[in-house]
Amino acid sequence: MLENYLIIHKSILPEYYSQVLAVRHLIETGKAKDISQAVKDVGISRSTYYKYKDYIFEPSELSGGRKAVLSMMLDHSPGVLSAVLSCISEMGASVLTITQSLPIHDRASVTISLDVSSMVCELTGMVKRIENTVGVEQAKLVAIE
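Right, let's walk through the structure included here. (Residues numbered from 1 in each chain as written. Predicted model: local features only at pLDDT ≥ 70, side-chain atom pairs only at ≥ 80, totals over all residues. Heavy atoms only, no water.)

Okay, the packing of helix H5 (residues 80-90) against helix H6 (residues 123-131) next. Look at H5 against H6: their axes get within 10 Å of each other, and the N-to-C directions meet at 155°. In terms of their interaxial angle, H5 and H6 are classed as roughly antiparallel. The two elements H5 and H6 meet at a crossing, and its hand is right-handed. Of H6, the residues touching H5 (which contributes Val 84, Cys 87, Ile 88 and Glu 90) are Met 126, Arg 129 and Ile 130. Looking at side-chain class alone, the contact of H5 with H6 contains 5 nonpolar, no polar and 2 charged residues. (Axes fitted to C-alpha atoms, helices over the stretch in contact; angles between N-to-C directions. Helix = DSSP H or I, 4+ residues; strand = E, 2+ residues; numbered from the N terminus. Parallel < 35°, antiparallel > 145°, perpendicular 65-115°, else oblique. Left-handed = near helix turned anticlockwise from the far one by under 90°. Contact = heavy atoms within 4.5 Å. Nonpolar A, V, L, I, M, F, W, Y, C, P; charged D, E, K, R; others polar.)

Okay, structure coming up:
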């Protein structure tokens, strides 16, 4: 899973990489009400944030490769969450927690934290497989620990 990652000292990287992490931190801690405010506070464009947000993680987010958090938007239809959980199980991951919002306009936001220490494939492969599941509108990797 980690063959696509490098450990690089941030002093040799462009400043906007650190700024993307700063935007994420502002959003996660609630210090910014939305992405527009966070990017303005940090001093980068929204397009820069969106271009790099899914590819830049702090070392603590990659340290063990043992836990991951996925965020999904699912259709409110029978069997959709069950299909996602079956996919996770088939890939060798274990569900730690599931948080689901109330369905609005027949869609529900679902966040799942996983133990990925026993996975039989790459985490990115599992996310792609979940995205291709009928009823899954969106799936993304939020964090890795």
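Per the counting criterion, the structure on display carries 4 aromatic pairs. With a centroid separation of 5.3 Å and an interplanar angle of 80°, the aromatic rings of Tyr 17 and Tyr 52 are classed as edge-to-face. Here Tyr 52 lies in helix H3 (residues 46-52) and Tyr 17 lies in helix H1 (residues 15-29), a separation of 35 residues in the sequence. The exposure class of Tyr 17 is partly exposed, given its relative accessible area of 23%. For Tyr 52, a relative accessible area of 17% gives the class buried. Measuring from ring centre to ring centre gives 5.5 Å for Tyr 49 and Tyr 50, while their planes differ by 65°; the resulting arrangement is edge-to-face. (Phe/Tyr/Trp six-rings, centres within 6.5 Å; stacked < 30°, edge-to-face > 60°. Buried < 20%, exposed > 50% of the residue type's maximum accessible area, 1.4 Å probe, protein only.)

On to the nonpolar core. Leu 70, Met 72, Val 84, Ile 88, Leu 123, Met 126 and Ile 130 are the most contacted members of the largest nonpolar core, which has 23 residues in total. Among the elements of the structure, strand S1 (67-75), H5, strand S3 (107-115), H6 and strand S4 (136-144) are those that each provide at least two residues to this core. Non-local contacts of Met 126, meaning those with residues more than four positions away in its chain, are made with Leu 70, Cys 87, Ile 88, Met 91, Ala 93, Leu 114, Met 119 and Cys 121. Leu 21, Leu 26, Tyr 49 and Tyr 52 belong to the second largest nonpolar core, which has 12 residues in total. (Core = buried A, V, L, I, M, F, W, Y, C linked by side-chain atoms within 4.5 Å.)

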